[in-house]
Amino acid sequence: MATSPPASASAVGSSVPRADGPPKVTGASRYVDDLPAMPGEIFGRTVRSPVPRGILRGVRFDPAFDWSDVTVVLAEDVPVNVVALILDDQPILGTGKVNHAYEPIVLLGCADRLKLSRALQAVTLDIDPLPPVLDMRAALEGEEILWGTDNVIKRYLITKGCADAERERSEAAIDAALARCEVVVTGTYASHHQEQLYIEPQGVIAWWDEAGAHATGSIQCPFYVQKAFLKAFGLPADRIHITQSVTGGGFGGKEEYPSIIALHAALLARKSGRPVRMIYDRTEDIEATTKRHPASCEITSGCDRDGTLRALKIRVLMDGGAYATLSQVVLSRGALHASGAYRWDDVWIEATAVATNTPPNGAFRGFGAPQTIWAIERHLDRVAGELGCDPLDLKAKNVLRPGDSTATGQVLRESVAGEECIAKAIAASGYRQKRAAGPVVRGRVARGIGLSVFMHGAGFTGSGERYYKGKIAVDLAPGGRLRIRTASTDIGQGTETVFRQIAADAAGLPLDRVEFEVPCTTTVPDSGPTVASRTVMVVGSILEAAARELASRVREEQEAARQPRAAQEGQASSAAPPALSFEEAADRLLAREGKVTSLKQYEPPSYVRWDDEAYKGDAYPCFGWACDVAEVEVDLDTFEVTVVDFWSAADVGKAIHPVMCKGQIEGGSLQAIGWALSEEIVWQGGKIRNPRMTNYIIPTSLDAPPFHVVLVEAPFPFGPGGGAKGIGEMPMDGGAPAVAAAVEHATGIAARALPLTPERLFEAARGAEAPRTAAGRGERARRYRSSSTVRRARSICRRSRGCSMRSGGRSGSRARRRGARRASAARARC
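Definitions and cut-offs
Residues numbered from 1 in each chain as written. Predicted model: local features only at pLDDT ≥ 70, side-chain atom pairs only at ≥ 80, totals over all residues. Heavy atoms only, no water. Pairing = 2+ DSSP bridges. Helix = DSSP H or I, 4+ residues; strand = E, 2+ residues; numbered from the N terminus. Axes fitted to C-alpha atoms, helices over the stretch in contact; angles between N-to-C directions. Parallel < 35°, antiparallel > 145°, perpendicular 65-115°, else oblique. Left-handed = near helix turned anticlockwise from the far one by under 90°. Contact = heavy atoms within 4.5 Å. Nonpolar A, V, L, I, M, F, W, Y, C, P; charged D, E, K, R; others polar. Phe/Tyr/Trp six-rings, centres within 6.5 Å; stacked < 30°, edge-to-face > 60°. Buried < 20%, exposed > 50% of the residue type's maximum accessible area, 1.4 Å probe, protein only. Lys NZ or Arg CZ within 6 Å of the ring centre and 35° of its normal. Salt bridge = Lys/Arg side-chain N within 4 Å of Asp/Glu carboxyl O.

Visitor: Would you mind going over the pairing of strand S19 (residues 481-485) with me for this structure?
Guide: The two faces of the sheet receive side chains in turn, since in a regular strand these alternate between them. With 5 bridges connecting them, strand S18 (residues 471-477) and S19 associate as antiparallel partners. When the bridges of S19 are listed, Asp475 appears paired with Arg483. For S19 and strand S20 (residues 514-516), the ladder comprises 3 bridges, and the chain directions are parallel. Across the sheet, Leu482 pairs through a bridge with Val514, a residue of S20.

Structure (structure tokens):
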């Protein structure tokens, strides 16, 4: 008789081989455009507006072109012309008004790709242009109304302490609190668009049959797409089948946008009666899809002379683009993180998102927090300068500790690791010694070091998890195997692997006994979207419970089989050998019941309380904590910045898979370095001038510094595997301010706007920084003089060989070595 397998070593905490590793490395994985052509399949393309704002008078089709085998879809062909998301403000196809460049107006489908390309050129959009509003401050002023009655998509107010007076008087109260402070500092900090630039572009294949509508594609959140189909086509849920194919990255860019491309493909398939393959090329993907929200943060803070932080006033303004998409929740997270990882007695934060005539902005890793953390970290660096202390000392003194409360009044009870992260990052990097030594200048290169301290809320904000009621199912399969069914997708971050680890440990089974079902809305429960650093912490926790429950049922079956045998042999049941192996007991249970499934729904910890109206309470079940330290070299001729070393001490609660956990931190940090130094959408008249990988410059492996990651484990009692927390988004938050602080240490240039391109640093060194507007369109929004910055930069230059700060400088060898990639970016900016 077979026996139960020996107890396996714990999978949680081990860096087991990735489940998706071999097929991806060998090329066996099939991304959406690798899927075989379906019978009768045609290709889909989109005709888009060439202007950012106007009145659409009509669409003309060239009569000389042969349209006989081309399917055409217009707005009039759409049953309900709205993309269902938070607000129903975005049309599936434009009609009447054009609100941004690249707005989709016409869909075309044809089996011949070459003819389809020619058909695009045979369509003329008759649009009467209107003056576009491309700047978010102009939108806020409201001289031209683009959205609603005042262009305001959403506004939040967060108050604490004296500002908790009636909302009409809260601003006056915070102003009074600031007036009582010994040291008051004011500044404005800007951040810009960022393109997700996932390696695989947006793509979907859609078709209709007797079962209803189908869409398979590169999708981060299948049930978002299902919701969009429910609205647009009026179908019942059981006639909508959305399946995720292997997905080559998302970073938030495949959260909400796949609803649009899937709707477009499905509309073409519905009208043509044929399957439609719609795959964007890189240019269309960059031009048409969502980006990180540009932001401007005006901060005034007050503190004591000894550095104790007292009062904080912030105005956050974000550019939502032409439609709301996810701006409400991006703004919310940005506002909730705007006060940083620090104690404040009195807080007043007003956050506003406005509409402009730029393509809609949406989800991106960090989800609003990187913009506001950039601002508060740079601001506290300035405060430290006013106090004459190192930023580390100011931040370590005021970092939140257990028992402290956040800006929303949330009392931090457990899993609070800010102090530990700071201590470990400082020890690993040698920060104090390097700062004490001052900037190191060798030849024409200055080296500096800087840090950032931050936290990131894990899971949905406030009552979000109670609203979504995320679910997961685990099935018992023949042979005692477990099959995980979840809508939490693997988009490269390793969900399939860590879920198998969690389930295997919870059930006490070897890892190879756990399977992972392909996410499809027809076969998996709605686990909630794969966003907000919630996959492991939230969905993983109910997976753990479900797997444990199933294994318990099988072992009860073993015990039931053991009892008669024990009685027959006259033995105590605990001493008798098992009558059935785990596999046999599972098969017997299945034979008797037919299907054995454990379905679990997430419930937040009972202590989590949130008031949506007052925006107070427990914003998140817990926070992840981190301290980043960056060391940079700045070429004093070209002002090119190279990150030469990067340390991150990050609290992950419990590392389910340490190697992948470190990989998330390294990848997010590199993405943050790109946002800080080189990534820049170049705009002209509401259109993107650099929609290519050749001139939208992201860091590659050749640009990556050595990463030194310290995993801090402050377990969250409600997390799986012994306390895991979310980690996917947090690494995006701290890289930019840490790099900027290091640049300031090296050169004295205190940058307040991103990105830190050589041109901007050179202008700042001459005392005339001209940051682009937060929408990134190149107008000079403001100018200021900084004589101390000029003196320090000139001093460094004199020490490094007496060079003057004249315009142009010499062409350094470092710049020549990178010339090809940098030249393309410079051409786009010119």
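Alright, that's what it looks like, and here's the rest.
Visitor: Teacher, can you tell me more about the packing of helix H5 (residues 222-233) against helix H6 (residues 258-272) here?
Guide: When two helices pack together, you describe them by how their axes are tilted relative to each other and by the distance separating the axes. Packing of H5 against H6 brings their axes to within 9 Å, and their N-to-C directions diverge by 45 degrees. Between H5 and H6, the crossing angle belongs to the class labelled oblique. With respect to the hand of their crossing, H5 and H6 are arranged in right-handed fashion. For the pair H5 and H6, contact is made by Tyr224, Val225, Ala228, Phe229, Ala232 and Phe233 and by Pro258, Ser259, Ala262, Leu263, Ala266, Leu267 and Arg270, respectively. In the contact of H5 with H6, the residues fall into 11 nonpolar, 1 polar and 1 charged.

Visitor: In this structure, what is going on with the environment of Glu287? I would like to understand it.
Guide: Mapped onto the elements, Glu287 comes out in helix H7 (residues 282-288). Once the C-alpha coordinates of Glu287 and Arg689 are considered, the two residues, 402 residues apart in sequence, prove to be 9.2 Å apart.

Visitor: Sorry if this is basic, but what is going on with the packing of aromatic side chains here?
Guide: To describe a pair of aromatic rings, one takes the distance between the centres and the angle between the planes. Summed over the entire model, instances satisfying the criterion amount to 16 aromatic pairs. Aromatic side chains Tyr156 and Tyr615 sit 4.7 Å apart centroid to centroid with 35 degrees between the ring planes, which places their arrangement in the tilted category. Note that Tyr156 is positioned in strand S7 (residues 152-160) and Tyr615 in the loop between strand S22 (610-611) and strand S23 (616-617), a separation of 459 residues in sequence. Note on accessibility: Tyr156 and Tyr615 belong to one class, buried. For the ring pair Phe460 and Tyr468, a centre distance of 4.7 Å and an interplane angle of 20 degrees mean the geometry is stacked. Grouped by ring-pair contacts, the aromatic residues Phe61, Phe65 and Trp67 constitute a single cluster. The cationic tip of Lys254 hangs over the ring face of Tyr198; the distance from NZ or CZ to the ring centre is 4.5 Å. The ring of Trp348 has Lys313 sitting right over it, with the charged end atom 5.5 Å from the ring centre.

Visitor: What should I look at first to understand the sheet that holds strand S15 (residues 346-355) in this one?
Guide: Working definition: the strands of a sheet are paired by backbone hydrogen bonds and lie parallel or antiparallel to each other. Spatially, S7-S15-S14-S13-S8 is the arrangement adopted by the 5 strands of the open sheet, whose pairing is mixed. A strand with exactly one partner marks an edge of an open sheet, and here the two such strands are S7 and strand S8 (183-191). Sheet twist, expressed as the average angle between the axes of neighbouring strands with direction ignored, equals 5 degrees. With 8 bridges connecting them, S7 and S15 associate as antiparallel partners.

Visitor: When you look at unusual backbone geometry in this model, what are you seeing that I'm missing?
Guide: Excluding glycine, residues mostly carry a negative phi; peptide bonds, for their part, are mostly trans. The omega torsion across Leu754 and Pro755 is -5 degrees, close enough to zero to call that bond cis. A positive phi angle, close to 70 degrees, is found at Asn151, a residue other than glycine. Relative to the helices and strands, Asn151 is located in the loop between helix H3 (136-141) and S7. Here Asn151 falls in the buried class, since its relative accessible area comes to 0%. The phi dihedral of Phe367 falls on the positive side, at around 55 degrees, and the residue is not glycine. Topologically, Phe367 is positioned in the loop between S15 and helix H9 (369-387). Taking the relative accessible area as the measure of exposure, Phe367 reaches 12% and is therefore buried.

Visitor: Help me out: how do you make sense of the sheet that holds strand S2 (residues 54-61) in this one?
Guide: If you walk across this open sheet you meet the 3 strands as S4-S2-S6, and the pairing is antiparallel. Whereas interior strands pair on both sides, the edge strands pair on one side only; in this sheet they are strand S4 (97-98) and strand S6 (123-129).

Visitor: What should I look at first to understand the pattern of salt bridges in this one?
Guide: Two side chains carrying opposite charge are able to pair once their charged atoms lie near each other. One pass over the full model with this rule turns up 52 salt bridges. Put simply, Arg315 and Glu350 hold a salt bridge, and the shortest N to O gap is 3.2 Å. With a gap of 35 residues between them, Arg315 in strand S14 (residues 309-321) and Glu350 in strand S15 connect regions that are remote in the sequence. Take Arg315: its relative accessible area is 30%, and that puts it in the partly exposed class. One salt bridge connects Asp404 with Arg343, and the closest N-O pair in it is separated by 3.4 Å. Taken together, the residues Asp404 in the loop between helix H10 (391-398) and helix H11 (418-429) and Arg343 in the loop between helix H8 (327-336) and S15 connect sequence positions 61 residues apart. The class for Asp404 is buried, based on a relative accessible area of 18%. Note on Arg343: relative accessible area 25%, which makes it partly exposed. Where salt bridges share partners, they join Glu171, Asp175, Lys313, Arg315 and Glu350 into one cluster.

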